[in-house]
Amino acid sequence: MTAAPLAMRLCGLSQEVSNLGLQWHVIAMYAPSFVTGRLVERFGPSRIVFAGLGLIAASAAVGLGASTW
């Protein structure tokens, strides 16, 4: 949690943008917990796990593709 804003600063982003990135990261980690229980009940645990793995793979692909530094 400390290294991410420092790395963003080294990539040329402002301190405000770096802090905002960390704030949204924390929100994105905990906000889905309000609905994931209902999704697991409705679709089943294996479908949710595979959907999560798909989202992680898509995020990794976007991150690797967008890296220009």
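What comes next concerns the included structure. Predicted model only: the values in this text are computed from it and were never measured. (Residues numbered from 1 in each chain as written. Predicted model: local features only at pLDDT ≥ 70, side-chain atom pairs only at ≥ 80, totals over all residues. Heavy atoms only, no water.)

Description of the packing of helix α3 (residues 36-43) against helix α4 (residues 45-66)
At a minimum axis distance of 7 Å, the contact between α3 and α4 shows a crossing angle of 120°. For the element pair α3 / α4, the angle class is oblique. Across the interface between the two elements, Leu39, Val40 and Phe43 from α3 touch Pro45, Arg47 and Ile48 from α4. Residues of the contact of α3 with α4, tallied by class, amount to 5 nonpolar, no polar and 1 charged. (Axes fitted to C-alpha atoms, helices over the stretch in contact; angles between N-to-C directions. Helix = DSSP H or I, 4+ residues; strand = E, 2+ residues; numbered from the N terminus. Parallel < 35°, antiparallel > 145°, perpendicular 65-115°, else oblique. Contact = heavy atoms within 4.5 Å. Nonpolar A, V, L, I, M, F, W, Y, C, P; charged D, E, K, R; others polar.)

Concerning the layout of surface pockets
In this structure, the largest pocket spans a volume of roughly 200 Å³. Residue lining of the largest pocket: Thr36, Leu39, Ile48, Ala51, Gly52, Leu55 and Ile56, and that is the complete set. Where the lining of the largest pocket is concerned, the elements lending two or more residues are α3 and α4. Counting residues per element, the lining of the largest pocket draws most heavily on α4, which supplies 5 residues. A class-by-class count of the residues in the lining of the largest pocket yields 5 nonpolar, 2 polar and no charged. (1 Å grid on protein atoms, 1.4 Å probe; cavity = no way out; pocket = protein on both sides within 12 Å on 5 of 7 lines; lining within 4 Å. Points joined across faces, edges and corners; volume = space filled by probe spheres on them.)

Quick notes on the packing of helix α1 (residues 3-10) against helix α2 (residues 15-30)
In contact at an axis separation of 9 Å, α1 and α2 are set at 145° when each is read in the N-to-C sense. As for how α1 packs across α2, the hand of that crossing is right-handed. Residues Pro5, Met8 and Arg9 of α1 form the contact with α2, whose participating residues are Gln15, Ser18, Gly21 and Leu22. Considered class by class, the residues forming the contact of α1 with α2 number 3 nonpolar, 3 polar and 1 charged. (Left-handed = near helix turned anticlockwise from the far one by under 90°.)

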